[in-house]
Amino acid sequence: MAEADAPSVPTHVALIMDGNGRWAEGRGLPRTAGHEAGEKALYDVIGGALEAGVRYLSVYAFSTENWNRPPEEVQFLLNFNRMLLRQRRNDLKDMGVRIRRIGRKEGMPEDLLDEFAAAEEVTGANDALQLLVCFNYGGRAELEDAASAGAIPDHLYAPDAPDVDLLIRTSGERRLSNFMLWQSAYAELYFTETLWPDFDRRALAEALADYAARTRRFGGLSAGSL
Ligand code: IPE
Ligand code: IPE
Ligand code: MG
């Protein structure tokens, strides 16, 4: 696609929300306080994504590898997310957000799956912004599941979602950690030192501005090249 034709606002933004633990540790707080602060950041970023006209926001909430954390932290994250889905679903509905759970169901507690299903139901008619909550998500698991079902693109967890345009990772780490391996094949990558709880809609706007200044080539040549 020629540069001039490429939409300057990414349709699909993927977020690796990292650094909650370090944010809390830096304040002498338990890691769980970082997860709580991180949720507020996400809520603000969802508002910013809506304002900007982003259509899909994939957020890495819990990876297939996060089961390796101490049991107390895992339990906190399961309970916390269940509580949040209940608490936020009506507000998100009013904002025009459609919530979708993405990831492996196996291994997830039934009560959390139920809460996801309720949130999907309540917000199911919305289409301003699709919020793909990646929970018990791993890119390799997704590809294994898709490949065993048939043609990979048709069997991704959200096969209708377009490829990731912009992938943001906070906290200074520069890796994918098994996120959206297929969908991010041509994603623009944006890394920031900001810890996730300090990220907000302004920080998102900076990332979007950075994205808008890039030239995507998809293996071809950019506009103006001979
Ligand atoms: C990201 O923050 C949240 C989850 C992985 C659930 P971390 O908990 O990984 O925070 P750090 O990387 O330890 O600072
Ligand atoms: C990636 O962060 C997973 C989520 C943000 C949910 P991690 O903190 O788990 O990743 P690593 O361990 O630093 O690669
Ligand atoms: Mg981390």
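Residues numbered from 1 in each chain as written. Chains lettered and ligands numbered in written order. Predicted model: local features only at pLDDT ≥ 70, side-chain atom pairs only at ≥ 80, totals over all residues. Heavy atoms only, no water.

This part covers the overall build of the chain. Within the chain, the regular secondary structure consists of 6 helices and 6 strands. Listing each helix as α and each strand as β along the chain from the N terminus yields β-α-α-β-α-β-α-β-α-β-β-α. Radius of gyration (C-alpha) of the chain: 17 Å, near the 17 Å computed for a compact globule of 226 residues. Once the C-alpha set of the chain is aligned to its principal axes, its extents read approximately 60 × 45 × 35 Å. Taken across its 226 residues, the chain has 48% of its residues classed as buried. Total accessible area computed for the chain in this model is approximately 11000 Å², and 49% of it derives from carbon and sulfur atoms. With 25 positive and 35 negative side-chain charges, the chain shows a spacing of 2 Å between the two charge centroids. (Helix = DSSP H or I, 4+ residues; strand = E, 2+ residues; numbered from the N terminus. Rg over C-alpha atoms; globule rule 2.2 N^0.38 Å. Buried < 20%, exposed > 50% of the residue type's maximum accessible area, 1.4 Å probe, protein only. Areas by Shrake-Rupley, 256 points an atom, 1.4 Å probe, with all protein chains shown as cover. Lys, Arg positive; Asp, Glu negative; His and termini not counted. Charge placed at Lys NZ, Arg CZ, Asp CG, Glu CD.)

Below, the discussion takes up the nonpolar core. Judged by nonpolar contacts, the single largest core of 41 residues is most densely connected at Leu15, Ile46, Leu57, Val59, Leu131, Ile168 and Trp196. For this core, the leading source of residues is helix H3 (residues 71-95), giving 8 residues. (Core = buried A, V, L, I, M, F, W, Y, C linked by side-chain atoms within 4.5 Å.)

Among the structural elements, Ala213 can be located in the segment after helix H6 (201-212). C-alpha separation for the pair Ala213 and Ser8, spaced 205 residues apart in sequence, amounts to 8.0 Å.

Taken together, the neighbourhood of ligand 1 is formed by 13 residues, with Asp18, Gly21, Arg22, Arg31 and Arg69 sitting nearest. Take Asn20: an N or O atom from its main chain is 3.1 Å from an oxygen atom of ligand 1. At a separation of 2.9 Å, an oxygen atom of ligand 1 approaches a polar backbone atom of Gly21. Relative to its unbound accessible area of 380 Å², ligand 1 is 86% covered by the protein chains. More than half of the atoms of ligand 1 fall within 2 Å of the grid points belonging to the largest pocket. Among the elements that take part in the shell around ligand 1, helix H1 (residues 20-25) stands out by supplying 3 residues, more than any other. A breakdown of the residues in the shell around ligand 1 according to their chemical character gives 3 nonpolar, 5 polar and 5 charged. (Near = heavy atom within 4 Å. Polar contact = N/O pair within 3.5 Å; in protein donor to acceptor, adjacent residues only side chain to side chain. 1 Å grid on protein atoms, 1.4 Å probe; cavity = no way out; pocket = protein on both sides within 12 Å on 5 of 7 lines; lining within 4 Å. Sits in = over half its atoms within 2 Å of the grid points. Nonpolar A, V, L, I, M, F, W, Y, C, P; charged D, E, K, R; others polar.)

The next subject is unusual backbone geometry. Notably, Ser177 is not glycine yet its phi reads approximately 45°, a positive angle. Along the polypeptide, Ser177 turns up in the loop between strand E5 (166-169) and strand E6 (188-191). Judged by relative accessible area, which is 30%, Ser177 ranks as partly exposed. Of note in the backbone geometry, Met180 takes a positive phi value of approximately 45° without being a glycine.

Before going further, it helps to examine the pairing of strand E4 (residues 129-137). Within a regular beta strand, the side chains point alternately toward one face of the sheet and then the other, so they alternate between its two faces. Counting buried residues along E4, 9 of its 9 residues qualify, which places the element largely inside the surrounding structure. Note that strand E2 (residues 56-63) and E4 share 7 bridges and pair parallel. Bridge assignment links Tyr60 to a residue of E4, and that residue is Cys134. (Pairing = 2+ DSSP bridges.)

Taken together, Ile16, Met17, Asp18, Tyr60, Ala61, Phe62, Asn66, Arg69, Arg169, Arg175 and Ser177 are the residues near ligand 2. Within the side chain of Asp18, an N or O atom sits 3.2 Å from an oxygen atom of ligand 2. A distance of 2.8 Å separates an oxygen atom of ligand 2 from a polar side-chain atom of Arg175. Against a free-state accessible area of 390 Å², the protein chains account for coverage of 77% of ligand 2. Its atoms largely coinciding with the cavity grid, ligand 2 occupies the largest pocket. The element best represented in the shell around ligand 2 is E2, accounting for 3 residues.

With that settled, consider the side chain of Asn178. On the secondary structure map, Asn178 appears in the loop between E5 and E6. Within the local environment of Asn178, its side chain forms a polar contact with the backbone nitrogen of Arg140, the two atoms lying 2.9 Å apart.

Just geometry here; none of it tells us what the structure is for.
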